[in-house]
Structures are given as C-alpha cells and as structure tokens.
Amino acid sequence: LGVIRTNARRMETLLTDVSDLSKLRGGTLRATAKMDTFKNIALRTEQALQPLADELGRALVFDIPQGLPLLNTDGDLLAKALNKLVENGLRYTRDSGHITVSASGAGDQLQVTVADDGIGMSADELAQLGTPYFRSEDEYVRSYKGSGLGIPVAYGIVALLGGSVQVVSQPEAGTTFTLVLPGMS
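Let us look at the structure shown here. (Residues numbered from 1 in each chain as written. Predicted model: local features only at pLDDT ≥ 70, side-chain atom pairs only at ≥ 80, totals over all residues. Heavy atoms only, no water.)

1. Some details on the pairing of strand β5 (residues 109–116)
Two faces belong to every sheet, and in a regular strand the side chains alternate between them. Looking at chain direction, strand β4 (residues 98–106) and β5 are connected through eight bridges and run antiparallel. Within the sheet, the bridge partner assigned to Ser-104 lies in β5 and is Gln-111. Hairpin connection from β4 to β5: two residues lie between these consecutive antiparallel strands, with Gly-107 at a positive phi of about 65 degrees. Sheet analysis places β5 next to strand β7 (residues 174–182), joined by eight bridges and oriented antiparallel. The partner of Gln-111 across the bridge, within β7, is Val-180. (Pairing = 2+ DSSP bridges. Helix = DSSP H or I, 4+ residues; strand = E, 2+ residues; numbered from the N terminus.)

Listed below in structure tokens is the structure:
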C-alpha cells in the first residue's frame, strides 16, 4: 500500500506540473492577487516540507524577519514555486546538509533566497536549468525520481507574479536561488 500511495502521489504531482506548465506556456494560468505576507507563505512551505527534510536527514532553516514588504500576490502560487525550489534543495543535498530560506526587503521589493550546500551544478547544467524535462546526468540526481518540471514551473510562476529568479551554483558547493518579487508600494 505504501508503494501504491507513493506512486499515486508522484503521478498526481506529475499531472499537476504538466498542467501548470501547459497553462503557463498558453497564458491561461491566472494569479489571484490579494494582500499577504511572505512570512505566511514561508510558513506554508515549512509545514509542507519539514517532514521531507526530517525523512532525508536534512536541516531546513527559515530565516524570515519582521518588517518585510507586504505583497499583493497569489500566495498559493508563490508557495507552490517556493516548494519546488526548497524540495530540489532537500533532494539534491547530501546527508546532514542544510537548506536555508531567507528573505529581505529592499524598498518595495522582496528578495527571497533558497540556498543549499548540496551537489551543485556545472555551468552546462545551469545553462539548461529551466528547460522542461531537463535533469542532470549526475548519478545522485538520477537516484531520485523526477520529471524535470519543478524548476520550469517555479520559474514560470515567479514570472507570472511579476518577479525574477537568479541562480548561482558550483559543483559540490551548493546552489542558491534568489527570487525578487514586487512588494506593495
């Protein structure tokens, strides 16, 4: 039953990712903006992914200070994008690794950083990151089942919300994703 449950969840995630990517490409995924705080959104991600962090033996740390810019965004979509980035960090960080989600405000912009001390990526892999279905040939990456849709979906959602994503990574030195999102003026 456990294997069936795991495979059913994996299939549900795959179908949702394919649907989201199709909607993003077709311009039919709609964001429903409302006032929210990043602290609320980050809390959803922490609650959703702390069990996975515990299961994998990784430290998941959230450093979200008070006083960040308020957001007028679709909190559910932003949480989905953040979940994709954090989950990748959890999966591709070796035992006892750390994944840190932090945030800061710069004027009316919110900057969110998801950093891990994981396996990192080569320049060639970075160049392909965000391409649907791309997965590294790295043995460690291939040890986890995946579709190569998580990062493209996250990138598409952040763009839909008016933000941008930058990524810095080096093999065996980890990866850092930085999201810049508009806050309320």
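2. Points about the nonpolar core
One finds Phe-38 and Val-86 to be the most contacted residues of the largest nonpolar core, which totals 46 residues. The element that contributes the greatest number of residues to this core is helix α3 (residues 75–91), accounting for eight residues. Aside from chain neighbours lying at most four places away, what touches Val-86 is Thr-45, Leu-49, Leu-60, Ile-99, Val-101 and Val-114. (Core = buried A, V, L, I, M, F, W, Y, C linked by side-chain atoms within 4.5 Å. Buried < 20%, exposed > 50% of the residue type's maximum accessible area, 1.4 Å probe, protein only. Contact = heavy atoms within 4.5 Å.)

3. Structural notes on the environment of Tyr-92
Mapped onto the secondary structure, Tyr-92 falls in the loop between α3 and β4. Classification of Tyr-92 as buried rests on a relative accessible area of 17%. For Tyr-92 and Ala-8, which are 84 residues apart along the polypeptide, the C-alpha to C-alpha distance reads 22 Å. When sequence neighbours within four positions are dropped, the list of residues in contact with Tyr-92 reads Gly-118, Ile-119, Arg-135, Tyr-140, Val-141 and Tyr-144.

4. Points about unusual backbone geometry
The phi dihedral of Tyr-133 is positive, around 75 degrees, even though this residue is not glycine. According to the relative accessible area criterion, Tyr-133 is exposed, its value standing at 53%. If you check the backbone angles, Glu-172 has positive phi at about 60 degrees while not being a glycine. Its place among the elements puts Glu-172 in the loop between β6 (164–170) and β7. Judged by relative accessible area, which is 53%, Glu-172 ranks as exposed.

5. A few points about the pairing of β7
Burial analysis of β7 places seven of its nine residues in the buried class, which makes it a mostly covered element. Taking the residues between adjacent antiparallel strands as the criterion, β6 and β7 are bridged by three residues, where Glu-172 takes a positive phi near 60 degrees.

6. Focus on the side chain of Thr-178
Tracing the backbone through its elements, the reader meets Thr-178 in strand β7. The contact partners of Thr-178, leaving out residues within four places of it in the chain, are Gln-111, Val-112, Thr-113, Ser-164, Val-165 and Gln-166.

7. Section: the pattern of salt bridges
Following the criterion strictly, the structure yields seven salt bridges and no others. Among the ionic pairs, Lys-80 bridges to Asp-20, the shortest N-O distance being 2.6 Å. Of this pair, Lys-80 sits in helix α3 while Asp-20 sits in helix α1 (residues 2–26), and the two are 60 residues apart along the sequence. The class for Lys-80 is partly exposed, based on a relative accessible area of 25%. We classify Asp-20 as buried; its relative accessible area is 6%. Between Asp-36 and Arg-44 there is a salt bridge; the shortest N-O distance is 3.3 Å. Its relative accessible area of 30% is what places Arg-44 among the partly exposed residues. (Salt bridge = Lys/Arg side-chain N within 4 Å of Asp/Glu carboxyl O.)

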